[in-house]
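Residue-level structure breakdown
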Amino acid sequence: MKCEICKEKIQETFLEKIKGTFFKKKAICSNCQRKYTKEEILEKI
């Protein structure tokens, strides 16, 4: 699965869960969550 903002592959845990979150049904990596505020993420997706 790829991040909707930076287009990089999102890492997964051993249970095949992503190390990130879904924001309005779009996958966002943890690095982008740290970089951007909620409002900036909404603008970018």
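Being a predicted model, the structure only gives us computed values, none of them experimental.

Rules behind the numbers
Residues numbered from 1 in each chain as written. Predicted model: local features only at pLDDT ≥ 70, side-chain atom pairs only at ≥ 80, totals over all residues. Heavy atoms only, no water. Helix = DSSP H or I, 4+ residues; strand = E, 2+ residues; numbered from the N terminus. Buried < 20%, exposed > 50% of the residue type's maximum accessible area, 1.4 Å probe, protein only. Contact = heavy atoms within 4.5 Å. Areas by Shrake-Rupley, 256 points an atom, 1.4 Å probe, with all protein chains shown as cover. Lys, Arg positive; Asp, Glu negative; His and termini not counted. Charge placed at Lys NZ, Arg CZ, Asp CG, Glu CD. Disulfide = S-S within 2.5 Å. pLDDT = per-residue confidence, 0-100.

Attention shifts here to the overall build of the protein. Scanning the protein from terminus to terminus reveals two helices and two strands. Walking the protein from its N terminus toward its C terminus, one meets helices and strands in the order β-β-α-α. Structurally, the protein occupies a C-alpha span of about 30 × 20 × 15 Å along its principal axes. Among the 45 residues that make up the protein, the fraction classed as buried is 20%. For the protein, restricting intrachain contacts to residue pairs at least 6 apart in sequence, the fraction spanning at least 24 positions comes to 23%. Surface exposure of the protein reaches about 3800 Å², of which carbon and sulfur atoms provide 48%. The average position of the 12 basic charges and that of the 7 acidic charges among the side chains of the protein differ by 2 Å.

Turning our eyes to something else, we now look at the state of the cysteines. The full count for this structure, using the stated rule, is zero disulfides. Just so you know, cysteine 29 is unpaired, no disulfide at all, and the nearest cysteine sulfur is the one on cysteine 32, 3.6 Å from it. Residue cysteine 32 is classed as buried on the basis of its relative accessible area of 1%.

Per-residue confidence for the protein averages 91 on the pLDDT scale, and 100% of its residues sit at or above 70. The least confident element of the protein, judged by mean pLDDT, is strand β1 (residues 20-23) at 90; the most confident is strand β2 (residues 26-29) at 93.

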